[in-house]
Amino acid sequence: GENVGLHLPTLSVQEGDNSIINCAYSNSASDYFIWYKQESGKGPQFIIDIRSNMDKRQGQRVTVLLNKTVKHLSLQIAATQPGDSAVYFCAENLGSGGSNYKLTFGKGTLLTVNP
Amino acid sequence: GAVVSQHPSWVICKSGTSVKIECRSLDFQATTMFWYRQFPKQSLMLMATSNEGSKATYEQGVEKDKFLINHASLTLSTLTVTSAHPEDSSFYICSASKGGGTDTQYFGPGTRLTVL
């Protein structure tokens, strides 16, 4: 079946650098995407979301970009800090209500920030 | 706001016993709650979706008689792992949303189950 995948399983950056985490999705019907951060032994924490009628959305130090043409989603973290070290998951939602409100999670990318 | 708790945070049980995990939305009413399991270094896999007052909808491959889900109120859902076996050892995570569609899912902290 269709699922959400990630290009890079691990990413190591220096503190202060910008990080880019990528995600490819295959279901063209998905219209809502979310990035989650998961620290070891904890539940996922919502970071930012974007709907398919947008191609960019910014939050505090984070930006999500959506390219529907190539079915690609990315999360940019500015001035990465040691506290950003975690596994990052993208998730997609078909968004049309009813049985389509389920989230499908990608494989995850482990981000390690070196001091 | 939108805090979800789980209890217990970890549990160790003997093979063949049953374990109940609670998921509570502390400051909002959750029309829909979701249960996921996560093996080490893997992604979250949806097990089932439950709506208050209705039977849960299970994902393909998830045994409904083994993983009993009850969503008796708008703030509480329980997952009972019946006759647990070592292969059931995993990280179980619940989430809750205020409604269907694309409403944000708020995740609990997870419950680590170890079956000896």
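Preceding this section is the structure that the text describes.
Residues numbered from 1 in each chain as written. Chains lettered and ligands numbered in written order. Predicted model: local features only at pLDDT ≥ 70, side-chain atom pairs only at ≥ 80, totals over all residues. Heavy atoms only, no water.

## So, the environment of L110 of chain A
Residue and element names in this part refer to chain A.
Then, number 1: If you trace the backbone, L110 turns up in strand β11 (residues 109–114).
Then, number 2: The class of L110 is partly exposed, set by a relative accessible area of 38%.
Then, number 3: For the pair formed by L110 and I21, sequence separation is 89 residues and the distance between their alpha carbons is 9.4 Å.
Then, number 4: Beyond its immediate chain neighbours, meaning those up to four positions away, L110 contacts P9, T10, L11, A86 and V87. (Helix = DSSP H or I, 4+ residues; strand = E, 2+ residues; numbered from the N terminus. Buried < 20%, exposed > 50% of the residue type's maximum accessible area, 1.4 Å probe, protein only. Contact = heavy atoms within 4.5 Å.)

## Some words on the interface of chain B and chain A
Then, number 1: With 21 residues of chain B at the contact, the number on the chain A side is 21 residues.
Then, number 2: Each partner contributes to the roughly 1500 Å² buried at the junction of chain B and chain A, and carbon and sulfur atoms together form 56% of this total.
Then, number 3: In this structure, the connection of chain B to chain A is made through one salt bridge.
Then, number 4: Between K102 of chain A and E59 of chain B there is a salt bridge, with the nearest N and O atoms lying 3.1 Å from each other.
Then, number 5: For the interface between chain B and chain A, the tally reads five residue pairs in polar contact (both at pLDDT 80 or more).
Then, number 6: Put simply, the parts of the chain that give the side of chain B that touches chain A at least two residues each are β4 (32–38), β5 (45–51) and β9 (90–97) of chain B. (Buried area = accessible area lost by both parts, 1.4 Å probe. Salt bridge = Lys/Arg side-chain N within 4 Å of Asp/Glu carboxyl O. Polar contact = N/O pair within 3.5 Å; in protein donor to acceptor, adjacent residues only side chain to side chain.)

## Considerations on the side chain of T111 of chain B
All names here are of chain B.
Then, number 1: Relative to the helices and strands, T111 is located in strand β11 (residues 111–115).
Then, number 2: A polar atom in the side chain of T111 sits 3.1 Å from the side chain of Q6.
Then, number 3: Polar contacts involving the side chain of T111 include one to the main-chain carbonyl oxygen of P8, which spans 2.6 Å.
Then, number 4: Beyond its immediate chain neighbours, meaning those up to four positions away, T111 contacts Q6, P8, S9, W10, V11, I21, S90, F91 and Y92.

## Looking at the packing of aromatic side chains
The description of an aromatic ring pair uses the distance of the two centres, along with the angle that the planes make with each other.
Then, number 1: For the structure shown, the criterion picks out 10 aromatic pairs over all chains.
Then, number 2: Here Y36 of chain B and F107 of chain B contribute two aromatic rings whose centre-to-centre distance is 5.5 Å and whose plane-to-plane angle is 45 degrees, an arrangement assigned as tilted. Residue Y36 of chain B is located in strand β4, and its partner F107 of chain B is located in strand β10 (residues 106–107); the two are separated by 71 residues in the primary sequence. The exposure classification of Y36 of chain B matches that of F107 of chain B, with both residues buried.
Then, number 3: Their ring planes at 40 degrees and their centres at 6.4 Å tell us that F67 of chain B and Y92 of chain B sit as a pair that is tilted. Taken together, the positions of F67 of chain B in strand β7 (residues 67–73) and Y92 of chain B in strand β9 put the pair 25 residues apart, joining distant regions of the chain. For the residue pair F67 of chain B and Y92 of chain B, the accessibility class agrees, reading buried in each case.
Then, number 4: Joined through ring pairs, the aromatic side chains of Y36, F46, F89 and F105 of chain A together with Y36 and F107 of chain B make up one cluster.
Then, number 5: Sitting over the face of the ring of Y32 of chain A, R51 of chain A holds its NZ or CZ atom 4.4 Å from the ring centroid.
Then, number 6: In this arrangement the basic side chain of K98 of chain B is found over the ring face of F28 of chain B, its NZ or CZ atom lying 5.7 Å from the centre. (Phe/Tyr/Trp six-rings, centres within 6.5 Å; stacked < 30°, edge-to-face > 60°. Lys NZ or Arg CZ within 6 Å of the ring centre and 35° of its normal.)

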